[in-house]
Amino acid sequence: MVRWECFGEDAVRVHDLDGVVRRMRALGADWPARDGVAVFNRVYLAVTEEVGRRLDAGHFADPRAALTLDVRFAERYLAAVGAVARERRPPACWRPLFQLRGHPGVRPLQFALAGINAHIGHDLALAVVDTCRTLGCEPAELEDEFDQVGEVLVALEERIREDLMPGPDLLQIADPLTHLLGAWSLERARDGAWGAARALWALRELPDLAGEFVVRLDDGVGLVGRCLLTPLEVGPYAGPPGP
């Protein structure tokens, strides 16, 4: 069966954007600031708060669709957090971030990009399908809201990179992080997510094929995440922190 729902017992249902924000703030308060998942959580919280401001300001032509998409999207991240908290395996796309969240050789910007990669590369496509099922619509009817939420991500990406750069100066060409940054693109990840969402919707009456598609998507995004989290500093690693 296709994993449309948020991982069974680890499902998280949030009724509105305020609930998402409260949950993310609570998670951030529980984790050390340097924790890799906490780094991504701060980035995602900033994005969610900005979407909320734009909703309040009437920037979305269909606010109900935009709100539903954003909430369904957030539920998949929160479900991954819940799975780990219950000592269950999250989707493959999230495993590198949770496994390496305490590695001293991984820089904060890598953690942020790995989380964004997992959430957009895998979760966003499934969130579009979740939203279509919730609203009884087709993906094409969500394209404007998809693009507008994506614009928020693009607008914040530069600020995120600036905030998490390892120093005040521009990265040197010899710095390995320079090459990692150049190897991943938010725009390409968004395009891929939209294409995956359309493919999944087209396969909704073929659950076996759709399920295989989701598994392959999950594994592929997880592999990219593993590369993004290549340790760039030398230091011992004792494994992910305990609860």
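Residues numbered from 1 in each chain as written. Predicted model: local features only at pLDDT ≥ 70, side-chain atom pairs only at ≥ 80, totals over all residues. Heavy atoms only, no water.

## Quick word on helix α9 (residues 207–228)
Under the 1.5 Å per step criterion, the end-to-end length of α9 is 31 Å for 22 residues, consistent within 8% with the ideal 32 Å. Where α9 is concerned, the buried positions are A210, G211, V214, L217, D218, V221, G222, G225 and L228. Along α9, the residues classed as buried sweep out an arc of 130 degrees about the axis, all on the same side. Residues of α9 that are exposed and point over 90 degrees away from its buried face: D208, R216 and L223. (Helix = DSSP H or I, 4+ residues; strand = E, 2+ residues; numbered from the N terminus. Expected span 1.5 Å × (residues − 1). Buried < 20%, exposed > 50% of the residue type's maximum accessible area, 1.4 Å probe, protein only. Arc of directions from axis to C-beta.)

## Examining the packing of helix α1 (residues 17–30) against helix α3 (residues 63–85)
One way to put it is that α1 packs onto α3 with a least axis distance of 10 Å and a crossing angle of 25 degrees. The orientation of α1 relative to α3 falls into the category roughly parallel. The crossing of α1 and α3 is left-handed. Between α1, through L17, V20, R23, M24 and L27, and α3, the contact on the second element is made entirely by L67, D70, V71, A74, Y77, L78 and V81. For the contact of α1 with α3, the residue count by class is 10 nonpolar, no polar and two charged. (Axes fitted to C-alpha atoms, helices over the stretch in contact; angles between N-to-C directions. Parallel < 35°, antiparallel > 145°, perpendicular 65-115°, else oblique. Left-handed = near helix turned anticlockwise from the far one by under 90°. Contact = heavy atoms within 4.5 Å. Nonpolar A, V, L, I, M, F, W, Y, C, P; charged D, E, K, R; others polar.)

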